[in-house]
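# Descriptive structure summary
Residues per chain, in single letters:
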Amino acid sequence: MPMIGWIILLLALAMILGSLFMLRDSANSMRIPEDKLEKIRKRKAELDAQDDDDRV
């Protein structure tokens, strides 16, 4: 493979790895406010109760 092919291949690999590292670093920075988290928990409990009723 010519030298330009190797350079393009290495650049593509570096871009993929760089984007994966950026995604990993930003994954924990999205915080959900407590009021919305409580609403999510209540809705999940409602759906679980409804699912249990449907099974019986």
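Parameters and conventions
Residues numbered from 1 in each chain as written. Predicted model: local features only at pLDDT ≥ 70, side-chain atom pairs only at ≥ 80, totals over all residues. Heavy atoms only, no water. Salt bridge = Lys/Arg side-chain N within 4 Å of Asp/Glu carboxyl O. Buried < 20%, exposed > 50% of the residue type's maximum accessible area, 1.4 Å probe, protein only. Helix = DSSP H or I, 4+ residues; strand = E, 2+ residues; numbered from the N terminus. Patch = residues over 30% accessible without salt bridge, like charges linked within 9 Å, V, L, I, M, F, W, Y side chains within 5 Å. Areas by Shrake-Rupley, 256 points an atom, 1.4 Å probe, with all protein chains shown as cover.

Per the counting criterion, the structure on display carries four salt bridges. A salt bridge links aspartate 25 to arginine 24; the shortest N-O distance between them is 3.4 Å. Comparing aspartate 25 with arginine 24 shows no difference in burial state: the two are exposed. Here aspartate 48 ties to lysine 44 by a salt bridge, and the two come within 3.3 Å at their closest N and O atoms. Of the two residues, aspartate 48 and lysine 44 are both situated in helix H2 (residues 34–55); the distance of four residues between them amounts to about one turn of the helix. Judged by its relative accessible area of 37%, aspartate 48 falls in the partly exposed class.

A cluster of nonpolar side chains, contributed by Met1, Met3, Ile4, Trp6, Ile7, Ile8, Leu9 and Leu11, occupies part of the molecular surface with about 890 Å² of accessible area. Along the polypeptide, leucine 11 turns up in helix H1 (residues 3–26).

Here we come to the environment of isoleucine 16. Along the chain, the position of isoleucine 16 falls in helix H1. Looking at isoleucine 16, the relative accessible area reads 49%, which means it is partly exposed. For the pair isoleucine 16 and arginine 41, spaced 25 residues apart in the sequence, the C-alpha separation amounts to 35 Å.

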